[in-house]
Amino acid sequence: EPEVTQTPSHQVTQMGQEVILRCVPISNHLYFYWYRQILGQKVEFLVSFYNNEISEKSEIFDDQFSVERPDGSNFTLKIRSTKLEDSAMYFCASSPPGLSGNTIYFGEGSWLTVV
Amino acid sequence: KNEVEQSPQNLTAQEGEFITINCSYSVGISALHWLQQHPGGGIVSLFMLSSGKKKHGRLIATINIQEKHSSLHITASHPRDSAVYICAVSSNTGNQFYFGTGTSLTVIP
């Protein structure tokens, strides 16, 4: 069964460093998403991406964050200058073409620890 | 403010019991999603609903659009159902998602 894959599974970085989290969505999907979950808290929406541009973003997704789809397969989340409070599990997800609200397929997540 | 409220927050059941988890939302939605988060953290989509009822195996999800309420039912619960169940809604203004805090379910053999 096709799946969303994310790398790295775990990354430890020093505060102030740039981090890039990578995702390979399912190949025929057109909608891509990043979410995060701080330990012990609920999942939070960060950004959705469609047709090579951001379609929605939350208040969390400030200027420190950016997303790219540099080629036909990867979808990346960049955090420019990490802060301690960026420590969280970051989930990538994708959904197939069609109306918004289709089933979402999640990756296994990337644990980011900022020290 | 929480756009999505779930209850209960925690639930312990004996194997075989019928389980209901409730979700209420306050925003206009295009769809409601029930997700399962395993102890290791991975998230699996169980259902996507915009109306009525869906069934998959021992899982049933219902939604009442007028009342802005959904329920997830598990029949004949099993220890392997132990997980966090999350209700999420996709807004009707675009591809924005709002998540509930999750219901932690433990099924005891």
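Everything quoted here is computed from the prediction, not taken from an experiment. (Residues numbered from 1 in each chain as written. Chains lettered and ligands numbered in written order. Predicted model: local features only at pLDDT ≥ 70, side-chain atom pairs only at ≥ 80, totals over all residues. Heavy atoms only, no water.)

Now for the overall build of chain B. Within chain B, the regular secondary structure consists of zero helices and 11 strands. Counted from the first residue to the last, chain B has its helices and strands arranged as β-β-β-β-β-β-β-β-β-β-β. Computed over the C-alpha atoms, the radius of gyration of chain B is 13 Å, within 12% of the 13 Å expected from 2.2 N^0.38 for a compact globule of 109 residues. In terms of its C-alpha atoms, chain B occupies a principal-axis envelope of roughly 45 × 25 × 20 Å. Within the span of chain B, comprising 109 residues, buried residues form 49% of the whole. Counting contacts in chain B only where the partners sit at least 6 residues apart, residues at least 24 apart contribute 54% of the total. For chain B, the exposed area adds up to about 5000 Å²; of that, 50% sits on carbon and sulfur atoms. In chain B, the 7 positive side-chain charges and the 6 negative ones have mean positions that sit 9 Å from each other. (Helix = DSSP H or I, 4+ residues; strand = E, 2+ residues; numbered from the N terminus. Rg over C-alpha atoms; globule rule 2.2 N^0.38 Å. Buried < 20%, exposed > 50% of the residue type's maximum accessible area, 1.4 Å probe, protein only. Contact = heavy atoms within 4.5 Å. Areas by Shrake-Rupley, 256 points an atom, 1.4 Å probe, with all protein chains shown as cover. Lys, Arg positive; Asp, Glu negative; His and termini not counted. Charge placed at Lys NZ, Arg CZ, Asp CG, Glu CD.)

Omega for the peptide link from A:T7 to A:P8 comes to -10°, which places this bond in the cis form. You can see A:P8 is positioned in the loop between β1 (5-7) and β2 (10-13). In this structure, B:P8 follows B:S7 across a cis peptide bond, with omega equal to -5°. Mapped onto the elements, B:P8 comes out in the loop between β1 (4-7) and β2 (10-14). A positive phi angle, near 65°, is found at A:N52, a position not held by glycine. Turning to its location among the elements, A:N52 is positioned in the loop between β5 (43-50) and β6 (53-57).

This part is about the interface of chain A and chain B. Opposite the 22 residues of chain A that make contact, chain B presents 22 residues. Around 1800 Å² of area is buried between chain A and chain B when both sides are counted, 56% of it from carbon and sulfur atoms. Between chain A and chain B we count zero salt bridges in total. For the pair chain A and chain B, the number of links is three residue pairs in polar contact (both at pLDDT 80 or more). Where the side of chain A that touches chain B is concerned, the elements lending two or more residues are β4 (31-37), β5, β6 and β9 (88-95) of chain A. (Buried area = accessible area lost by both parts, 1.4 Å probe. Salt bridge = Lys/Arg side-chain N within 4 Å of Asp/Glu carboxyl O. Polar contact = N/O pair within 3.5 Å; in protein donor to acceptor, adjacent residues only side chain to side chain.)

To continue, consider the sheet that holds β1(A). Residue and element names in this part refer to chain A. The strand order across the open sheet built from four strands is β1-β3-β8-β7, with neighbouring strands paired in antiparallel fashion. Edge positions in the open sheet fall to β1 and β7 (65-68), since each of these has one partner strand only. Across the sheet, the axes of successive neighbouring strands diverge by a mean angle of 20°, strand direction being ignored. The sheet contact formed by β7 and strand β8 (residues 75-79) spans four bridges and is antiparallel. Residue pairing across strands places F65 opposite I79, the latter belonging to β8. (Pairing = 2+ DSSP bridges. Axes fitted to C-alpha atoms, helices over the stretch in contact; angles between N-to-C directions.)

Residue and element names in this part refer to chain A. Here strand β11 (residues 110-114) shows one buried face, formed by S110, L112 and V114, and one open face, formed by W111 and T113. Here β2 pairs with β11 via four bridges, running parallel. Bridge pairing in β11 links V12 to T113. As defined by bridge partners, β9 adjoins β11 across three bridges and the pair is classed as antiparallel. Bridging from a neighbouring strand, Y90 pairs with S110 of β11.

Everything listed is a geometric property; what it means functionally is a separate question.
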